[in-house]
Each structure stands twice: as C-alpha cells, then as structure tokens.
Amino acid sequence: MHELSIAHSLVELAQQHLPPEATRVVAVDVRIGALAGVVGDALEFCYAIATEGTRLQGSILRVHDVPGAWHCVVCDAERTLDATFVLRCQVCGAPAGDLLAGRELELTSIEYDTAEDAPR
Amino acid sequence: MSMTPRVLEIRRQVLSKNDEIARGLRDRLRAHGIFTLNLVSSPGSGKTRLLEETLRRLVARGICVHALVGDLATDNDAQRLARSGAPVRQILTQGRCHLEAAMIAQHLDGWDLDACDVLCIENVGNLVCPSSYDLGEDVRVALLSVTEGEDKPLKYPAIFNSSDVAVITKTDLAEACDTDMRALHDNLQAIRPGMRVFETSSRTGAGLEAWVDYLVEQWRAREVPR
C-alpha cells in the first residue's frame with residue numbers, strides 16, 4: 001500500500017503549483033496508467049487523509065484511467081492492453097514493443113476558486 | 001457574478017521529485033563506472049540468498065561490489081550479506097513498503113565510489129509498491145521462485161513489466177512443486193516481451209555462474225576509463 005506515499009507526493013506537488021490567489025481548491029485531476037502500479041480507489045481514499053490541514057483540504061480527486069497501448073508493427077495498428085495484461089497483439093499475436101501509454105502517474109490539472117469567484 | 005472555477009493545467013509526474021533524485025543518482029553512479037541493480041520480488045522468494053551467492057562470486061572474481069539492503073525492520077540481512085566480505089549497508093524504511101531514490105543517495109555517503117564496480121540494491125520484499133519508484137538503477141531485476149506459482153507475472157503485471165530481467169529462483173524445488181517451467185517462461189514473456197530470464201538455484205549453485213557472467217558483462221560494457 002504505497003498510495004499514501006503517492007498521495008503525499010501529489011499534495012506536495014499540487015501545492016507548489018497552486019496560484020496564491022486560489023481561495024478554495026475544487027478538484028485535482030490525475031491520470032493513472034494501467035501499468036503504473038497504483039490503484040485509483042486507494043489513492044482517492046488516501047487523498048482525503050493527505051490533504052488534511054493543507055490548502056487542498058476538502059477538494060476532490062478525479063482519477064482518469066489510461067489504458068496501456070502500443071503499436072503493433074506487424075498489423076501497423078495501435079493496440080490497447082486488455083484486462084489480462086498480456087502484451088501481445090489480440091489480432092496477430094505478435095509481442096508488444098515499447099508502450100505508448102500505460103505508465104502514467106500524472107497530475108494533470110487543478111480546479112480552484114478565487115475571491116472574485118465567491119458569491120456575493 | 002458567475003461562479004466559474006479556474007482550471008490550471010499542470011501535467012507533471014506525481015513522483016517527479018523521486019524521479020529527479022533518481023536521474024541525478026544514475027548519472028553519478030555511471031560517472032563512477034558503477035553498474036547498479038535493483039532487486040525486487042515478493043517476500044521469501046530468495047533475494048537475500050541470491051545476493052549472498054552473487055556477492056561471494058563477484059568478490060571471488062576480483063570485482064568490487066557493494067550492497068544496500070532495504071527492510072522495514074532489523075539488520076539481519078545486512079549481517080548475512082556482510083559475510084561475503086563486500087561492504088553492505090542496511091536501509092531501514094521504518095514501515096515504508098518500498099525504497100525511494102533519496103534513501104539510496106543518503107546511504108552512499110562515506111563509500112569510495114571510485115573503487116566500486118557493481119552496486120546491488122535489495123528492495124523491500126513487495127511486488128506492488130517498488131514498481132513506482134526509480135532508484136537510479138541500470139537494471140531492475142524481478143525475482144520469482146518456482147514455489148510461487150507460474151501465474152505470478154500475470155497477477156502482478158506492473159512490477160514484471162517494469163523490470164528488465166527476471167531471475168527464477170529455487171529451481172531445485174521445481175519438481176517437488178510440480179512447477180510448469182514452460183508456463184512460467186511464457187507468462188513472463190506475455191507481460192514483458194523479450195525479457196531476459198535466468199534460472200537459478202542458490203542451494204545447488206545451478207545457473208549462478210551464468211547470472212554472474214551477465215552482471216560482469218553489463219559492468220564491463222558500462223565501465224569508464226579511470
């Protein structure tokens with residue numbers, strides 16, 4: 001269970017990028033690849049703990065799953081990793097080369113309010 | 001006044017801090033001509049035993065090998081490995097389930113890196129968490145004992161996919177465990193096509209020379225003139 005460590009790293013990184021004028025963080029978006037070794041649900045659970053007492057407290061974490069993908073050189077087509085995690089082309093059976101996607105563990109964006117946005 | 005929340009695009013790796021430290025570490029170790037391994041596996045697959053045999057054989061070949069060994073608690077492994085005569089340090093993770101690049105950097109202090117040829121890092125026994133953390137290694141080695149079941153790579157795809165080499169351990173027990181070696185190899189190749197795989201038994205010594213030959217080859221290929 002390393003999602004708590006990752007949640008702390010995520011909160012630290014998000015705080016570094018958060019503009020000073022942000023009064024409230026609404027949501028943080030992350031992309032998690034199928035082969036990143038990180039469980040989205042577990043990260044969401046840990047996020048609530050990791051944000052306590054920070055400027056991100058009360059915000060939600062939105063996890064966007066990224067499927068594993070590679071280019072099959074035999075078929076000359078892009079293939080997507082399925083639930084079996086077998087890195088072989090589902091059409092011709094050729095082994096996959098380098099992954100084009102699937103290892104992401106990325107903070108993509110932060111949604112926030114400023115004082116100007118607050119209802120009067 | 002309308003309530004339109006603002007969105008700031010960032011697109012940064014969550015573990016970018018660890019990745020930066022790992023990159024610096026890799027450059028530093030390579031500049032010293034050191035070949036670095038990160039050994040990962042489930043607990044009990046024989047990392048420490050393989051490392052004992054590996055260190056002993058490398059020392060016997062006149063290669064200067066150092067080892068860092070990660071555990072949640074106790075320095076039992078460091079004590080075992082130190083018998084090989086190689087410099088060994090224990091990294092205590094205080095409950096953390098994986099090693100991080102900063103822990104490696106801290107534990108190199110005081111070692112004469114110019115004299116070192118090969119650095120072996122034994123990660124915490126865990127097939128999930130270490131997959132996310134680059135330690136600055138040249139090669140990530142996943143160990144898999146024949147007693148763990150042929151489908152282990154399929155059950156833990158992230159760690160096997162992120163590893164460069166696999167070492168099958170305890171091959172002397174394969175027959176007793178009815179291990180289907182062919183299936184084991186097929187499953188490794190399914191998760192990491194083209195993966196280099198070694199079969200070893202630390203008990204009988206089978207396959208160890210070929211494994212150590214590979215390490216020496218890799219070190220020679222990376223050696224820098226002194």
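Novice: How do you make sense of the nonpolar core when you look at a structure like this?
Specialist: What tends to happen in soluble globular proteins is that the nonpolar side chains get buried as a cluster. Counting 30 residues, the largest nonpolar core has B:L37, B:L55, B:L58, B:V118, B:C120, B:V141 and B:W211 as the members making the most contacts within it. Looking at this core, the elements that each hand over two or more residues are β2 (35–40), α2 (47–60), β3 (65–71), α3 (76–82), β5 (118–122), β6 (139–145), β7 (165–169) and α8 (208–222) of chain B. A total of seven residues in this core trace back to one element, the largest contributor, which is α8(B). Look past the residues within four positions of B:W211 in its chain and what remains in contact with it is B:L37, B:L50, B:T54, B:V141, B:V165, B:V167, B:F198 and B:T200. Counting 28 residues, the second-largest nonpolar core is a separate cluster that includes A:L18, A:V28, A:V38 and A:L43.

Novice: Any chance you could explain the interface of chain A and chain B here in plain terms?
Specialist: In this complex, chain A contributes 39 residues to the contact, which on the side of chain B involves 35 residues. Across the chain A/chain B interface, buried area totals approximately 3,100 Å², and carbon plus sulfur atoms make up 57% of it. Across the contact surface, chain A and chain B share two salt bridges. Two residues, B:R11 and A:E106, come together in a salt bridge whose shortest N-O distance is 3.7 Å. Our count for the chain A to chain B interface comes out at 12 residue pairs in polar contact (both at pLDDT 80 or more). If you list the elements that add at least two residues to the side of chain A that touches chain B, you get α1 (3–17), β1 (22–33) and β6 (105–114) of chain A. Counting residues per element, the side of chain A that touches chain B draws most heavily on β6(A), which supplies 10 residues. Of the residues contributing to the side of chain A that touches chain B, the split by class is 21 nonpolar, eight polar and 10 charged.

Novice: Hey, could you run me through helix α2 (residues 40–50) of chain A in this one?
Specialist: Think of an α-helix as 3.6 residues a turn; residues three or four steps apart then line up on the same face. All names here are of chain A. Regarding α2, the residues found buried are G40, A42, L43, C46, Y47 and A50. Within α2, the buried residues cover an arc of 145° as seen down the axis, which keeps them to one side. In this structure, α2 carries D41 and F45 as exposed residues pointing more than 90 degrees from its buried face. On its buried face, α2 is in contact with α1, β1 and β2 (60–66).

Cut-offs and rules
- Residues numbered from 1 in each chain as written.
- Chains lettered and ligands numbered in written order.
- Predicted model: local features only at pLDDT ≥ 70, side-chain atom pairs only at ≥ 80, totals over all residues.
- Heavy atoms only, no water.
- Core = buried A, V, L, I, M, F, W, Y, C linked by side-chain atoms within 4.5 Å.
- Buried < 20%, exposed > 50% of the residue type's maximum accessible area, 1.4 Å probe, protein only.
- Helix = DSSP H or I, 4+ residues; strand = E, 2+ residues; numbered from the N terminus.
- Contact = heavy atoms within 4.5 Å.
- Buried area = accessible area lost by both parts, 1.4 Å probe.
- Salt bridge = Lys/Arg side-chain N within 4 Å of Asp/Glu carboxyl O.
- Polar contact = N/O pair within 3.5 Å; in protein donor to acceptor, adjacent residues only side chain to side chain.
- Nonpolar A, V, L, I, M, F, W, Y, C, P; charged D, E, K, R; others polar.
- Arc of directions from axis to C-beta.

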